[in-house]
Amino acid sequence: MSNEDFKPKIVVFACNWCTYAAVDLAGTSRMQYPANVRVIRVMCSGRVDPQFVLEAFHNGADGVIVAGCHPPTDCHYISGNIKALRRYTLFKRLLKSLGIEEERFRLEWISASEASKWVKVVNEMVETVKKLGPLKPKLEVVE
Amino acid sequence: MSEKPKVGWYWCASCGGCEESFVDLAERLLTVFDAVDIVFCPVAMDFKKEDVEKLPDGSITVTFINGGIRLEEHVEMVKLLRRKSKIVIAYGACSAWGGIPGLANLYDLDEVLSRKYFEVPSIDNPDKVVPCKITKVKLKEVDEEIELELPKALPALLPLDKVIEVDYYIPGCPPTPDVFWNALEALLKGELPPKGSVLGALNKSLCDECPLNETKPDKILLKDLKRPHEVIPEEGKCLLAQGLLCLGPVTRGGCGALCIKANMPCTGCFGPLDNIIDYGGKALSYIASIIDFEDEPDLNKVYDKIPDWVGILYRYYLPASKIGGKAGLKKSKIQDRVVEYG
Amino acid sequence: MAEEVRIGVYICHCGFNIAGTVDVKAVAEYAKTLPNVVVSRDYLFMCSEPGQDLIREDIKKYKLNRIVVAACSPSMHEPTFRSVLESAGLNKYLFEMANIREHCSWVHSDKELATEKAKDLVRMAVAKARLLEPLEEKEIETSRNILVVGGGVAGMRAALELAHYGFEVYLIEKSPTLGGKAALVGYVEDDVKGSEIVGKMIKLISKNPRIHVFTNSELVEFKGFPGNFIAKIRVNPRYVNEKCTLCGDCIPACPVEVSNEYEFGLDKRKAIFYPYKGAYPPYYVIDSKVCTFCGECVKTCKHNAIDLEMKPQYLDLRIGALIIAAGYDPYEPPKGEYNYGIHNNVITLFQLERLLDPNGPTKGNLIIGGKVPRRIVFIQCVGSRNTTPNSKPYCSRMCCLTAIRNAIRIKEMYPDTDVIILYKDIMTYASDERLYEEAGKRLVKFLKFEEPPKVTITEEGLYIDVYEYTIQDEVRIPTDLVVLSTGMVPRHDLNELIAVTRVSCGGDGFLRELHLKLAPVESPTKGVYLAGAVTGPKNIMESIRMGSAAAVKAMTLLSAGKVSIEPLTAVVNEEICSGCGVCVSVCPYEAISIKEMDGDRLAHVEEALCMGCGTCTAACPSGAMQQRGFKDTQIKAQVLAVFGGG
């Protein structure tokens, strides 16, 4: 597949209060960004079980973003973002050993007013993933 | 007289522990021998592949398969056994999820082979012999060249259900005699849960049967993680509460908390509970959630204490996990060579 | 057997907003191919009455039991469509929204890609909808007490409003007096000063038995849920009690002298002081940050009013709602900006207002260095509109008007003084435009700049260099006084309040309202409302109006005596739970505990305390804990649907 044809899919888990609202704001502000992202809304970044991220990669996500409110104090639920930080700090260590380039995953803090940060993160992610190419498929181990 | 159920037993990439657990049934073995006919069991009795081939399809009531799938030979055999058996059971952690040998999936097959045959300090292999598909050997004494054909290793180790349909799973590394016994009873009585279920164990985590559960504070937050060799844990007190990375909360119960009773934290050999998407991902989520720091540098200091997170979180589960390792991304060059020596 | 899932999918055109970029017909056709979708339509405006009727009719006709609407953001119309379901006899949580406007048509211009994405988003919503379950809202009794943080005009207005309708109000103020900034600066109308309004409000509050005022007090802890919050208040010691008669005998005795913040540093005050004439409560106060506790004041007090042994007191208040009206800080130019802080004749607008105030340090006489200035130059947009490197990007809204009002006033008082206003743009909106004209008539000169003017100090005095935009030329203006029209910035301690209340701030650092159109004065936390300049620059009247609005919102929440709780709460599967307690360890609300049930240790969720964040669900090692509406299976289905599965 040539780079031209490669349309990466980026799965985003966005908290309802900060990042989802920032994505909305990017919309109301008519900012333009690549159409490669699919946002899944959760109430809090603390809800985003690393299992979902693994599931996304397993199904062919070329990149995954988990995004929530800025630590330490912005979380609508006091400390859900801290729970996300704890999990994904460790998660990043695993990814590479599991055979996935670490750049394919990002943990981001995007507040409700940071529509431009959202756009920047998406642009960067799409660019990075396009450079990396599609997630390498596994060989058919058993024909 | 009604015919006794026919039972088969096959080993793939196995350490022998699973077979041992069968023997550990001790006097209960006699009951088993009374109740069933063993039609295939290469570890203990002399059967050949052709004995199985001769059996009508579906004539074996139940076949237990232990060990992971690493060789072409394993694939061939389990496919055959699948055809001949009504019920196939993945026996033990390796067969169910890949087990400890499955950690080899962190590496390409060639990395595994060259490590194993060339690099490990204990190896003495000046001729660089390595198992290859075709190996030509000159036998000097008779001045003859023979060609050896070995089953190829697969690019990655697979759990049984990635190769054939599996009806039930019996967890453990190895399964405990009790778990095996529970499963056998269910099988003999025909009281079987829906296909795909785990037999013989609980659908609650180990904490449920852990004798230390009552000593566990309701709330646990850890500032540090300790490895078993670093501390002598206080007896009779929840190991997690003492900072040991115990995987009991995320691991299926049913083993009787054997390790805990020996003052060792659970390493997860009974695998995940039903409905868990990825054992390691869940284990990570649980343990990271209770590390009591709020910024990356502090968290990393704690995470640095464990040198091999994949080995801890995916000790028995890597090949069944959502991502696996990098095994299977590249084709092997080493074993496709034609090697000549002698 | 489980009921058959029958999904209705509705694709909204939103006029051209969506249909202009997304091929809505193609998306609707596509949705028909998805499993369980019984009917799929597109319509001009789904949120309109006919659009809503469409759903209602289909629910009856096709026996639909799940509804997916692909339209705008759920923050916009999820409530609308949920009530449609309710009115059609369907549980309102059997609804899922696909955001194909904000997340798609408005941000992508390529029709093909946007349509493809819209299909994906619909497929994801259908995948989740398939697994939705009916949920029941719980009703909980609410408290009729309301806490108002901030004793400025916005907070006082809110308190008066609430008390009038029979609510008990706790009005807390961090400083030693009610009144806020409006007591010191600003006008309500041309000749009505803020202090006049403040005085009247304080009088009403002091007589109102339903308003409980705590000055020198801070909110230090805030937890619970809408209708039933627990607020911990720290009442810092005043060291002076109600026996104080304001005689002032203690003042000469006090050896500590510091800059007087109530005059914006124009004069000094003692460590024991009375903020200003009319301050409430009408007692002196000791500033513990500077007081040496030497005890000299105690010796002079004839009324036994001073008690240096006072300790902070803590109050735990059960309240139904919180109104945050914490106000703002004036922009303080860094030393050297326009030579502020270096030359005494460079002052801020706030200081000028104090100099012109009859109760100010000069009794209302504009005397600088012993004489009336012959020329005064205002520099506008100081600290605002990116004028200087330290400036905020926003317009502070009130500085133009305040500068012009003061210019007119100076012209009235000292007709011979030349008044020049250097401006970027003049923002005297609405009827205040009249004042701009009035100033012109009184020969106040307006010079426009684009690059910030330069203030230079010479031995002869000050002069200003400015490139005048209209005449396109350099102008040098010698002047006696430079007034920097400083704007408004977020309170320096706002982050502490944010940390306690978990409201969120926008990019400008002020608190953010949930939605300017749909949820004004509401914060993201239900039951917490915002009023006044804590949300951004406001003039006095705007703050007062917002105080009223916040009060009404709070009353609306509490007037029924009970609130319903969104049932997106955590629930334990007791068949699986082993009582490991990981959920207990991570719950930010202490809503989960381990309970002994028939010999088993099990997690127990106190539903009234659960706020529905789901962090316990993500942490639960056995999968026993699930968040309603965001179960593992539901989120997993969405993930799979991104790639066509689920």
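This text goes with the structure placed above it.
All of the points below concern the structure found in this document. Quick caveat, the model's predicted, so the values are computed rather than measured.

For the rest of this paragraph, the subject is the nonpolar core. Grouped together as the largest cluster of nonpolar side chains are 208 residues, with contacts concentrated most on A:Phe13 and B:Phe64. When residues in this core are grouped by element, the largest group, nine residues, is from helix H6 (residues 111-130) of chain C. Once residues lying within four places of it in the same chain are set aside, the contact partners of B:Phe64 are B:Val7, B:Gly8, B:Trp9, B:Tyr10, B:Ile89, B:Tyr91, B:Ile170, B:Phe180, B:Leu184 and B:Leu187. Core analysis: the second largest hydrophobic core is formed by 119 residues, C:Ala279, C:Val285, C:Leu422 and C:Ala554 among them.

Quite often, the size of an interface is put as the accessible area lost when its parts meet. Contacts between the two partners involve 46 residues from chain A, matched on the other side by 51 residues from chain C. Summed over both partners, the interface of chain A with chain C comes to about 4300 Å²; 59% of that surface belongs to carbon and sulfur atoms. The interface formed by chain A and chain C contains six salt bridges. A:Lys9 is the partner of C:Asp120 in a salt bridge, and the nearest nitrogen-oxygen pair spans 2.8 Å. Inspection of the chain A/chain C interface yields 20 residue pairs in polar contact (both at pLDDT 80 or more). Looking at the side of chain A that touches chain C, the elements that each hand over two or more residues are strand E1 (10-15), helix H1 (19-28), strand E2 (37-42), helix H2 (50-58) and helix H3 (80-97) of chain A.

All names here are of chain B. One can find Lys6 in strand E1 (residues 6-11). Overall, Lys6 belongs to the buried group, its relative accessible area being 19%. Separated by 34 residues in the primary sequence, Lys6 and Phe40 place their C-alpha atoms 9.0 Å from one another. In contact with Lys6, not counting residues within four places along its chain, are Asp37, Val39, Ser59, Ile60, Thr61 and Val62.

For the rest of this paragraph, the subject is helix H14 (residues 494-501) of chain C. Residue and element names in this part refer to chain C. Buried within H14 we find Leu494, Leu497, Ile498, Val500 and Thr501. Down the axis of H14, the buried set is contained in an arc of 165 degrees. They therefore lie on one face. The inward-facing, buried residues of H14 abut strand E6 (145-149), strand E9 (217-225), strand E16 (321-324) and strand E26 (488-490). Just beyond H14, the residue with positive phi is Arg502, at close to 60 degrees.

Before going further, it helps to examine the packing of aromatic side chains. For the coordinates displayed, the defined rule picks out 30 aromatic pairs over all chains. Ring centres of A:Tyr88 and A:Phe91 lie 5.5 Å apart, and the angle between their planes is 70 degrees; this geometry places the pair in the edge-to-face category. Taken together, the residues span about one helical turn, with A:Tyr88 and A:Phe91 both in helix H3 at a distance of three residues. Residue classification places A:Tyr88 among the buried positions, given a relative accessible area of 0%. Ring centres of B:Tyr279 and B:Tyr317 lie 5.8 Å apart, and the angle between their planes is 45 degrees; on these two criteria the pair is classed as tilted. Taken as a pair, B:Tyr279 in helix H9 (residues 279-289) and B:Tyr317 in the loop between helix H11 (309-313) and strand E10 (338-341) lie far apart in primary sequence, 38 residues in all. Relative accessible area serves as the criterion here: at 8%, B:Tyr317 is assigned to the buried category. Ring-pair connections join several aromatic residues into one group, and the members of that group are B:Trp9, B:Phe22, B:Phe64, B:Tyr91 and B:Phe180. Just above the ring of C:Trp106 sits the side chain of A:Arg30; from NZ or CZ to the centre is 3.7 Å.

This part takes up the sheet that holds strand E10 (residues 228-235) of chain C. Residues and elements named next belong to chain C. A sheet is described by the order of its strands in space; here three strands give the open sequence E9-E10-E15, paired in antiparallel fashion. Whereas interior strands pair on both sides, the edge strands pair on one side only; in this sheet they are E9 and strand E15 (313-319). Strand-to-strand twist in this sheet, taken as the mean axis angle between neighbours without regard to direction, amounts to 20 degrees. Examined bridge by bridge, E9 and E10 share eight bridges and lie antiparallel to one another. From the neighbouring strand, Gly224 faces E10, where its bridge partner is Phe229.

Attention shifts here to the sheet that holds strand E18 (residues 346-348) of chain C. Residues and elements named next belong to chain C. Spatial ordering of the open sheet is given by E18-E25-E19-E20-E21, a layout of five strands whose pairing is parallel. With partners counted over all chains shown, the strands left at the sheet margins are E18 and strand E21 (445-448), one partner each. Sheet twist, expressed as the mean angle between neighbouring strand axes with direction ignored, is 25 degrees. As paired elements, E18 and strand E25 (residues 481-486) share three bridges and run parallel to each other. Residue pairing for E25: Val346 is matched across the bridge by Val482. Each of strand E19 (375-382), strand E20 (418-423), E21 and E25 is contacted by helix H12 (residues 399-413), which is oriented at about 170 degrees to E19, the strand it contacts most.

Cut-offs and rules
Residues numbered from 1 in each chain as written. Chains lettered and ligands numbered in written order. Predicted model: local features only at pLDDT ≥ 70, side-chain atom pairs only at ≥ 80, totals over all residues. Heavy atoms only, no water. Core = buried A, V, L, I, M, F, W, Y, C linked by side-chain atoms within 4.5 Å. Buried < 20%, exposed > 50% of the residue type's maximum accessible area, 1.4 Å probe, protein only. Helix = DSSP H or I, 4+ residues; strand = E, 2+ residues; numbered from the N terminus. Contact = heavy atoms within 4.5 Å. Buried area = accessible area lost by both parts, 1.4 Å probe. Salt bridge = Lys/Arg side-chain N within 4 Å of Asp/Glu carboxyl O. Polar contact = N/O pair within 3.5 Å; in protein donor to acceptor, adjacent residues only side chain to side chain. Arc of directions from axis to C-beta. Phe/Tyr/Trp six-rings, centres within 6.5 Å; stacked < 30°, edge-to-face > 60°. Lys NZ or Arg CZ within 6 Å of the ring centre and 35° of its normal. Pairing = 2+ DSSP bridges. Axes fitted to C-alpha atoms, helices over the stretch in contact; angles between N-to-C directions.

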